[in-house]
Amino acid sequence: MSLDLDDTDRAILRALSADAGLGAGELGRRLGLSQPAAWRRVRRLEEAGVLAGTRVEVDRAALGFGVTVFLGIKLATKGRVSLEDFERAATAIPEVQVVQHVLGLFDYRLRVVARDLADFERVLRRRVMTLPGVGNVEANVVLTEERRPGPLG
């Protein structure tokens, strides 16, 4: 379903991107809409698939996971190991937060969290390197991260 977004729709998306817990009443107050009008607009965005849910953002560092590493993984034996087998095994590793099948130098990109570099090395050696079909691995440790609002900002 294609949906034409107006300035109010984009303002709703920006507000909900910043705080997904906003109710229709607060959203309406911020944008100069009545609570029912704000609710109807949010509902329309949900029905069109533009809003696909809400999330809670967990502060990984507050839980003791101070290191984030992006891994580029090139499979060594694509013909002998199915992509589904690799993906299933990778997603079973608790420290692996995201598994992305990508086009380019690597076949997969994984986001891995660890308590510290020693913990990351343990995860890499004991879990990631034992995944089916793993060939070359490149690690990029995240030093800082800046979140941008994206195309709606």
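Criteria and cut-off values
Residues numbered from 1 in each chain as written. Predicted model: local features only at pLDDT ≥ 70, side-chain atom pairs only at ≥ 80, totals over all residues. Heavy atoms only, no water. Buried < 20%, exposed > 50% of the residue type's maximum accessible area, 1.4 Å probe, protein only. Helix = DSSP H or I, 4+ residues; strand = E, 2+ residues; numbered from the N terminus. Arc of directions from axis to C-beta. Axes fitted to C-alpha atoms, helices over the stretch in contact; angles between N-to-C directions. Parallel < 35°, antiparallel > 145°, perpendicular 65-115°, else oblique. Contact = heavy atoms within 4.5 Å. Nonpolar A, V, L, I, M, F, W, Y, C, P; charged D, E, K, R; others polar. Pairing = 2+ DSSP bridges.

> Whenever I open this one, helix 5 (residues 117-128) confuses me. Can you help?
Since the α-helix turns once every 3.6 residues, residues separated by three or four places project in the same direction. Every buried residue belonging to helix 5 is among Asp-119, Phe-120, Val-123 and Val-128, and all of these are buried. On an axial view of helix 5, the arc spanned by its buried residues comes to 100°, and they lie on one face. Opposite the packed face of helix 5, turned more than 90 degrees from it, sit the exposed residues Leu-117, Ala-118, Arg-125 and Arg-126.

> Before we go on, may I ask you to explain the packing of helix 2 (residues 24-31) against helix 3 (residues 35-47) in this structure?
In contact at an axis separation of 8 Å, helix 2 and helix 3 are set at 105° when each is read in the N-to-C sense. Taken together, helix 2 and helix 3 sit at an angle that is classed as roughly perpendicular. Contacts between helix 2 and helix 3 involve Ala-24, Gly-25, Leu-27 and Gly-28 on the former and, on the latter, Gln-35, Ala-38, Trp-39 and Val-42. When grouped by side-chain class, the residues that make up the contact of helix 2 with helix 3 number five nonpolar, three polar and no charged.

> Would you explain the sheet that holds strand 4 (residues 134-141) in this entry?
Sheet strands pair by backbone hydrogen bonding; their relative direction is either parallel or antiparallel. Strand order in the open sheet formed by four strands is 2-3-1-4, and the pairing between neighbours is antiparallel. Of all the strands in the sheet, the pair left with one neighbour each is strand 2 (96-101) and strand 4. If you compare each strand with its neighbour and ignore which way they point, the axes differ by 20° on average. Taken together, the seven bridges between strand 1 (residues 67-75) and strand 3 (residues 108-114) define a ladder with antiparallel strand orientation. In the strand pairing of strand 3, Thr-68 is matched with Val-113.

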